[in-house]
Amino acid sequence: QVQLVESGGGLAQAGGSRELSCAASGRTVSSYFRGWFRQAPGEEREFVATHGWNGDSTFYADSVKGRFTISRDNIKNTVYLRMNTLKPDDTGVYYCAAGPKGGSSEYQYNSWGQGTQVTVSS
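Residues numbered from 1 in each chain as written. Predicted model: local features only at pLDDT ≥ 70, side-chain atom pairs only at ≥ 80, totals over all residues. Heavy atoms only, no water.

Chemist: Explain the overall build of the protein to me, and be specific about the residues and the numbers.
Modeler: Of the regular secondary structure elements, the protein holds 0 helices and 11 strands. Taken over C-alpha atoms, the radius of gyration comes to 13 Å for the protein, in line with the 14 Å a tight globule of 122 residues would show. Based on the C-alpha atoms only, the size of the protein along its principal axes is roughly 40 × 25 × 25 Å. Across the 122 residues of the protein, 43% fall into the buried class. Intrachain contacts of the protein at a sequence separation of at least 6 include 55% that bridge at least 24 residues. Surface accessibility of the protein: about 6200 Å² in total, with carbon and sulfur atoms responsible for 45%. If you average the places of the 12 positive and of the 11 negative side-chain charges in the protein, the two averages end up 6 Å apart. (Helix = DSSP H or I, 4+ residues; strand = E, 2+ residues; numbered from the N terminus. Rg over C-alpha atoms; globule rule 2.2 N^0.38 Å. Buried < 20%, exposed > 50% of the residue type's maximum accessible area, 1.4 Å probe, protein only. Contact = heavy atoms within 4.5 Å. Areas by Shrake-Rupley, 256 points an atom, 1.4 Å probe, with all protein chains shown as cover. Lys, Arg positive; Asp, Glu negative; His and termini not counted. Charge placed at Lys NZ, Arg CZ, Asp CG, Glu CD.)

Here it is in structure tokens:
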């Protein structure tokens, strides 16, 4: 069983930056896809970014492309989400996920963190 713990959430100003981390424990997930999703108030959870074990299957939602960067450290079992040029629309609870199959569907991931709140003020 995999436990995922996110950190790095908080308040940011529009145009600013923030970096989220997600540490995995319980078993190694170095061969798993690692993803980030987010959920805004009153909205469904949506895909943000995913990263294959060797980076070959990395892609982003159109809404964050060019502003967010997903990366991972397989030795530390940690995935990161660097968020630049933040917008108020980026506000939400950010969840990290892990699973043997990647992609933009949350059903491809079988382990989830509890989420970390990111609030972007205008």
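Chemist: Would you mind going over the pairing of strand S11 (residues 116-121) in detail, with residue names and values included?
Modeler: By the alternation rule, side chains of S11 split into Thr116, Val118 and Val120, which are all buried, and Gln117, Thr119 and Ser121, of which none is buried. As defined by bridge partners, strand S2 (residues 10-13) adjoins S11 across 4 bridges and the pair is classed as parallel. From the neighbouring strand, Ala12 faces S11, where its bridge partner is Val120. Note: strand S9 (residues 92-99) against S11, 3 bridges, orientation antiparallel. By the bridge assignment, Tyr94 is partnered in S11 with Thr116. (Pairing = 2+ DSSP bridges.)

Chemist: Can you tell me about the pattern of salt bridges, naming the residues and giving the values?
Modeler: One pass over the full model with this rule turns up 5 salt bridges. In this structure, Arg38 engages Asp90 in a salt bridge whose closest nitrogen and oxygen atoms are separated by 2.9 Å. Residue Arg38 is located in strand S4 (residues 33-39), and its partner Asp90 is located in the loop between strand S8 (78-83) and S9; the two are separated by 52 residues in the primary sequence. Note on Arg38: relative accessible area 5%, which makes it buried. Of the charged contacts in the structure, one is a salt bridge between Arg45 and Glu106, with a shortest N-O distance of 3.2 Å. (Salt bridge = Lys/Arg side-chain N within 4 Å of Asp/Glu carboxyl O.)

Chemist: Requested: an account of the nonpolar core, with residues and values cited.
Modeler: Counting 30 residues, the largest nonpolar core has Trp36, Val48, Phe68, Leu81, Met83 and Tyr94 as its most contacted members. Taken together, the elements giving at least two residues each to this core come down to strand S3 (18-25), S4, strand S5 (46-51), strand S7 (68-73), S8, S9 and S11. It is S9 that provides the largest number of residues to this core, a total of 4 residues. Once residues lying within four places of it in the same chain are set aside, the contact partners of Met83 are Gly16, Ser17, Arg18, Leu20, Arg67, Phe68, Tyr94 and Val118. (Core = buried A, V, L, I, M, F, W, Y, C linked by side-chain atoms within 4.5 Å.)

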